[in-house]
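Breakdown of the fold
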Amino acid sequence: MLGLTPPRRRPSARASYSKLIASLIGLLGQELKLSRRAFTASPVMVAFSVFGTALALRLSAWPFDLGKNALRSFGLVAPGVRW
């Protein structure tokens, strides 16, 4: 329901996308907590990406031989499964 009715409020800043991205670099220098969190979260994100890639390669090989649609379905269902 919320996706159908976006908020009416518009931001007052009219910066370009490249300026907004560049401002993130400044924030990392100013905010110590933010830079620590980014530094510790990035290896977790990389590990999760490597795991997902290895899992997809394994499930598409013998003996599973899953196709593209089955791998997509597995990717949607697997995060909710309690191992």
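Keep in mind that this is a model prediction, so the values were computed, not measured. (Residues numbered from 1 in each chain as written. Predicted model: local features only at pLDDT ≥ 70, side-chain atom pairs only at ≥ 80, totals over all residues. Heavy atoms only, no water.)

**A few points about the overall build of the protein chain**
Put simply, the rule reads: The helix count covers DSSP runs of H or I at least four residues long, the strand count covers runs of E at least two residues long, and both are numbered beginning at the N terminus. Atoms counted for the radius of gyration: C-alpha only. Globule rule: 2.2 Å times residue count to the power 0.38.
A tally of helices and strands in the protein chain yields three helices and zero strands. Secondary structure elements in the protein chain, listed N-terminal to C-terminal, are α-α-α. The C-alpha atoms of the protein chain give a radius of gyration of 20 Å, which is well past the 12 Å a tight globule of 83 residues would have. Overall, the C-alpha framework of the protein chain stretches about 55 × 35 × 25 Å when taken along its three principal axes.

**With respect to unusual backbone geometry**
Going from Trp62 to Pro63, the amide bond is cis rather than trans, its omega being 10 degrees. On the secondary structure map, Pro63 appears in the loop between α2 (32-60) and α3 (68-77). Although it is not a glycine, Asp65 adopts a positive phi angle of roughly 50 degrees. The residue Asp65 is located in the loop between α2 and α3 in this model.

**Points about the environment of Ile25**
How we decide: Accessible area is worked out with a 1.4 Å probe on protein chains only. A residue is then buried under 20% of its type maximum, exposed over 50%, and partly exposed in between.
By the secondary structure assignment, Ile25 is in helix α1 (residues 17-30). Classification of Ile25 by relative accessible area gives exposed; the value is 64%. In sequence terms Ile25 and Ser35 are ten residues apart; their C-alpha atoms lie 9.5 Å from each other.

**A closer look at the environment of Ala56**
Counting through the fold element by element, Ala56 comes out in helix α2. For the pair Ala56 and Gly75, spaced 19 residues apart in sequence, the C-alpha separation works out to 8.7 Å.

**A look at a nonpolar patch on the surface**
Rule in force here: Like-charged residues within 9 Å of one another, or nonpolar side chains (Val, Leu, Ile, Met, Phe, Trp, Tyr) within 5 Å, are grouped into patches, provided each residue has over 30% relative accessible area and no salt bridge. For the accessible areas, the method is Shrake-Rupley and the probe is 1.4 Å, while residue cover comes only from the protein chains on display. Here a salt bridge means any side-chain nitrogen of Lys or Arg lying within 4 Å of a carboxyl oxygen belonging to Asp or Glu.
Together, Tyr17, Ile21, Leu24, Leu27, Leu28 and Leu34 give the surface a local cluster of nonpolar side chains, amounting to about 560 Å² of exposed area. Of all the elements, α1 adds the most residues to the nonpolar patch, at five residues. Along the chain, Leu27 falls in helix α1.

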